[in-house]
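Architecture and fold: a report
What follows is the residue order along each chain.
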Amino acid sequence: HDAQVMEAIAITAMKKIKDFSVQHLANTAWAFATLGILNRPLMEAIAAEALARIAEFEPQALTNTAWAFATLGIRDLPLLEAIATHALPQIREYIPQD
């Protein structure tokens, strides 16, 4: 991956983060984590927006967001606590991945 391209994506995403759906928040975090790119300002922006809209998250988006933060070694306790609190009542809706 090209570092300059990923930085440009991160900057653009941060400018438009309020317009993202919760699925887009989760997908963006997942994509950066999958590539092993830790962009702290982006992840902080995702965390803040996700925390504010946690009730909108479906199980897959919660899971992908938690995975991304864990994979990147980011311990955002307020976000992780909110994910756990929101995930528990939905636990029966979770489908294991192959």
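These remarks concern the structure in this document. What you see is a predicted model; the values in this text were computed from it and never measured. (Residues numbered from 1 in each chain as written. Predicted model: local features only at pLDDT ≥ 70, side-chain atom pairs only at ≥ 80, totals over all residues. Heavy atoms only, no water.)

**Brief notes about the overall build of the chain**
- Across its full length, the chain holds five helices and zero strands.
- The order of helices and strands in the chain, counted from the N terminus, is α-α-α-α-α.
- Relative to its length of 98 residues, the chain is compact, with a C-alpha radius of gyration of 13 Å against a globular reference of 13 Å.
- When its C-alpha atoms are laid out on the principal axes, the chain stretches across 40 × 30 × 20 Å.
- Counting all 98 residues of the chain, 40% fall into the buried class.
- Here the analysis covers contacts within the chain between residues at least 6 apart in sequence; of these, 76% occur between residues at least 24 apart.
- When the accessible surface of the chain is totalled, it reaches about 6100 Å², and 59% of it is carbon and sulfur.
- For the chain, the distance from the average site of its 7 positive side-chain charges to the average site of its 11 negative ones is 4 Å. (Helix = DSSP H or I, 4+ residues; strand = E, 2+ residues; numbered from the N terminus. Rg over C-alpha atoms; globule rule 2.2 N^0.38 Å. Buried < 20%, exposed > 50% of the residue type's maximum accessible area, 1.4 Å probe, protein only. Contact = heavy atoms within 4.5 Å. Areas by Shrake-Rupley, 256 points an atom, 1.4 Å probe, with all protein chains shown as cover. Lys, Arg positive; Asp, Glu negative; His and termini not counted. Charge placed at Lys NZ, Arg CZ, Asp CG, Glu CD.)

**A word on the pattern of salt bridges**
- Tallied over the full model, the rule gives three salt bridges.
- Its salt-bridge partner being Arg53, residue Glu49 comes within 3.2 Å of it at the nearest N-O pair. In this structure, Glu49 and Arg53 share a single accessibility class: buried.
- It is possible to trace a salt-bridge network through shared partners that takes in Lys18, Glu49, Arg53 and Glu56. (Salt bridge = Lys/Arg side-chain N within 4 Å of Asp/Glu carboxyl O.)

**What to know about the environment of Pro78**
- With respect to the helices and strands, the residue Pro78 is situated in helix 5 (residues 77-87).
- Measuring from C-alpha to C-alpha, the distance between Pro78 and Leu42 comes to 17 Å, with 36 residues separating the pair along the chain.

**Looking at helix 1 (residues 3-16)**
- Taking 1.5 Å as the rise per residue, helix 1 with 14 residues should run 20 Å; its terminal C-alpha atoms sit 20 Å apart, in good agreement.
- Its side-chain oxygen placed 2.8 Å from the backbone nitrogen of Gln4, Asp2 serves as the N-cap of helix 1. (Expected span 1.5 Å × (residues − 1). Polar contact = N/O pair within 3.5 Å; in protein donor to acceptor, adjacent residues only side chain to side chain.)

**Notes on the environment of Gln90**
- Structurally, Gln90 can be placed in the segment after helix 5.
- Of the residues examined, Gln90 reaches a relative accessible area of 11% and is grouped as buried.
- With 83 residues separating them along the chain, Gln90 and Glu7 place their C-alpha atoms 35 Å apart.
- Apart from residues lying up to four places away in sequence, Gln90 is in contact with Phe57, Glu58, Pro59 and Leu62.

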